[in-house]
Amino acid sequence: MIIAAIAAIGPPRAALAAGAVVVASKIDTEGALLGNIIAEVISARGIAVERKIQLGPTNIVRAALLAGQIDIYPEYTGNGGIFFHRENDPAWKNAAEGYAEVKRLDAAENRLVWLNPAPANNTWVIAIRGDLPKFRERKCLDDLAAYLAEAGRFKLAASAEFVESPSALPAFEKTYGFHLKAEQLLTLSGGNTAATLRAAAEGISGVNAAMAYGTDGELAALGLTALCDDKGAQIVYTPSPVVRQSVLDEHPEIAAALEPVFASLSLETLQMLNARIAVAGEDAGAVAADYLKSKHFLP
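I will try to describe carefully the structure that is included in this document.

## With respect to the overall build of the protein
Here comes step 1: The helix and strand tally for the protein stands at 14 helices and 10 strands.
Here comes step 2: Expected size for 299 residues packed as a compact globule is a radius of gyration near 19 Å; at 20 Å, the protein falls within 12% of this value.
Here comes step 3: By principal-axis analysis of the C-alpha atoms, the protein measures approximately 65 × 40 × 30 Å.
Here comes step 4: Looking at the protein as a whole, 53% of its 299 residues qualify as buried.
Here comes step 5: A total of about 13000 Å² of accessible surface is found on the protein, and carbon and sulfur atoms cover 54% of it.
Here comes step 6: Separation between the mean location of the 26 positive side-chain charges and that of the 34 negative ones in the protein comes to 2 Å.

See below:
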């Protein structure tokens, strides 16, 4: 399946426009945002760029990079566990360790370079409404455990996968010492984060919390707060540009150009930018360019 997909992506890099750096991304909203940010920054350095934004899901984009059909795209550190069949390595639950490990492995095995990541984590989170009475100000999962122990009213909208997968809700419950009863769950068989977040925001069936991803644009738009996971129940998914070493050898300025840009992409910033695309309906390329100009990364 992957081989057939690679053939459909296009000709090998040698057949592309001479010197053009091929920038790709995954098919989701944040992929489009980050892919366009990378393309804009590289292009601003006078380097020819070919865009293959929203090329496909993880396996397709990763395979294209390994095949040399694209040159750079934004990836998440936590996926290193899947790429190298080391899903149970505790390093993936620590931002610095996970980044160092995937950087080392990909450099040694594939001559790929993971550039400096953004200070954000696009992992599973539990998000709450702002009107939960007497919920502690810190807004972390320890606070949720205390709130539940005090019989605070709580109902979580989540997909069946989130409720049942050992790495999702059960991992939160085990790490923080709480357990949600059946009546505290609204389980959506095909639920995605757009549906769960809307259920919480609108209070559907008494819901006041939702499963989400850390950088979901709807969080900010709907006034929901993601509870921090300071005990590391979840794998850390930090976005980072991944580039082929041969391309970086040809254009070493790419690393220095992207470093301050990704350093500026905090959790809150990504939520805001994703909301402009997913909620307000703005074009991802336009949002990327506007952000870069507003922060003086582009002239």
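## Considerations on the pattern of salt bridges
Here comes step 1: According to the stated counting rule, one finds 16 salt bridges in the structure shown.
Here comes step 2: The partner of R62 in a salt bridge is D106, and the shortest N-O contact between them spans 2.8 Å. Remark: D106 occurs in helix α5 (residues 95-110) and R62 occurs in helix α3 (residues 58-66); sequence separation between them is 44 residues.
Here comes step 3: Classification of R62 by relative accessible area gives buried; the value is 7%.
Here comes step 4: Since its relative accessible area comes to 0%, D106 is described here as buried.
Here comes step 5: Notably, a salt bridge pairs D249 with R111, separated by 3.8 Å at the nearest N-O pair.

## With respect to the packing of aromatic side chains
Here comes step 1: Taken as a whole, this structure holds four aromatic pairs when the rule is applied.
Here comes step 2: Both rings, one in W124 and one in Y213, keep their centres 4.6 Å apart while their planes meet at 20°; by these two values the pair is stacked. Taken as a pair, W124 in strand β5 (residues 124-128) and Y213 in strand β8 (residues 209-213) lie far apart in primary sequence, 89 residues in all.
Here comes step 3: W124 sits in the buried class, given a relative accessible area of 16%.

## Describing the side chain of N122
Here comes step 1: Mapping N122 onto the fold places it in the loop between β4 (112-114) and β5.
Here comes step 2: Residue N122 is classed as buried on the basis of its relative accessible area, which comes to 16%.
Here comes step 3: Those residues in contact with N122, other than ones at most four positions away along the chain, are E30, Y76, Y213, G214, T215 and Y237.

## Brief notes about the nonpolar core
Here comes step 1: One finds I37, I72 and L265 to be the most contacted residues of the largest nonpolar core, which totals 36 residues.
Here comes step 2: Secondary structure elements with two or more residues in this core: β1 (21-26), α2 (29-44), β3 (72-76), α11 (245-250), α12 (253-263), α13 (267-278) and α14 (284-294).
Here comes step 3: Counting residues per element, this core draws most heavily on α2, at eight residues.
Here comes step 4: Those residues in contact with I72 that lie beyond four places of it in its chain are V21, V22, V23, A24, I38, I42, L65, P241, V242, V243, I254 and L258.
Here comes step 5: Within the second largest apolar cluster, 26 residues are counted, among which are W124, F135, F154 and A209.

## Describing the side chain of K26
Here comes step 1: Within the secondary structure, K26 sits in strand β1.
Here comes step 2: Side chain to side chain, K26 and E75 meet in a polar contact 2.6 Å long.
Here comes step 3: Apart from the residues lying within four places of it in its own chain, the contact partners of K26 are G31, A32, Q54, L55, G56, T58, V61, Y73, P74, E75, Y76 and N79.

## Notes on the sheet that holds β8
Here comes step 1: Ordered in space as β7-β6-β8-β5-β9, the five strands form an open sheet in which the pairing is mixed. Looking at the sheet topology across the chains shown, the edges are occupied by β7 (185-188) and β9 (225-226).
Here comes step 2: With four bridges connecting them, strand β6 (residues 156-159) and β7 associate as parallel partners. Within β7, the position partnered with A157 by the bridge is L186.
Here comes step 3: Together, β5, β6 and β7 form the strand contacts of helix α8 (residues 169-176), whose direction differs from that of β5 by roughly 75°.

## Examining the state of the cysteines
Here comes step 1: Scanning the model with the defined rule gives one disulfide in all.
Here comes step 2: In this model, C140 is linked to C228 through a disulfide, with the two sulfur atoms separated by 1.5 Å. Taking the sign of the torsion about the S-S bond as the criterion, the disulfide between C140 and C228, at about 90°, is right-handed. Separated by 88 residues along the polypeptide, C140 in the loop between β5 and α6 (141-149) and C228 in the loop between β9 and β10 (239-244) bring together distant segments of the chain.
Here comes step 3: For C140, a relative accessible area of 3% puts it in the buried group.
Here comes step 4: Given the relative accessible area of 30%, C228 is considered partly exposed.

## Things to note about the environment of L55
Here comes step 1: With respect to the element layout, L55 can be found in strand β2 (residues 49-56).
Here comes step 2: The class of L55 is partly exposed, set by a relative accessible area of 25%.
Here comes step 3: L55 sits 213 residues away from E268 along the chain, and the two C-alpha atoms are 26 Å apart.

How each quantity is defined
Residues numbered from 1 in each chain as written. Predicted model: local features only at pLDDT ≥ 70, side-chain atom pairs only at ≥ 80, totals over all residues. Heavy atoms only, no water. Helix = DSSP H or I, 4+ residues; strand = E, 2+ residues; numbered from the N terminus. Rg over C-alpha atoms; globule rule 2.2 N^0.38 Å. Buried < 20%, exposed > 50% of the residue type's maximum accessible area, 1.4 Å probe, protein only. Areas by Shrake-Rupley, 256 points an atom, 1.4 Å probe, with all protein chains shown as cover. Lys, Arg positive; Asp, Glu negative; His and termini not counted. Charge placed at Lys NZ, Arg CZ, Asp CG, Glu CD. Salt bridge = Lys/Arg side-chain N within 4 Å of Asp/Glu carboxyl O. Phe/Tyr/Trp six-rings, centres within 6.5 Å; stacked < 30°, edge-to-face > 60°. Contact = heavy atoms within 4.5 Å. Core = buried A, V, L, I, M, F, W, Y, C linked by side-chain atoms within 4.5 Å. Polar contact = N/O pair within 3.5 Å; in protein donor to acceptor, adjacent residues only side chain to side chain. Pairing = 2+ DSSP bridges. Axes fitted to C-alpha atoms, helices over the stretch in contact; angles between N-to-C directions. Disulfide = S-S within 2.5 Å.

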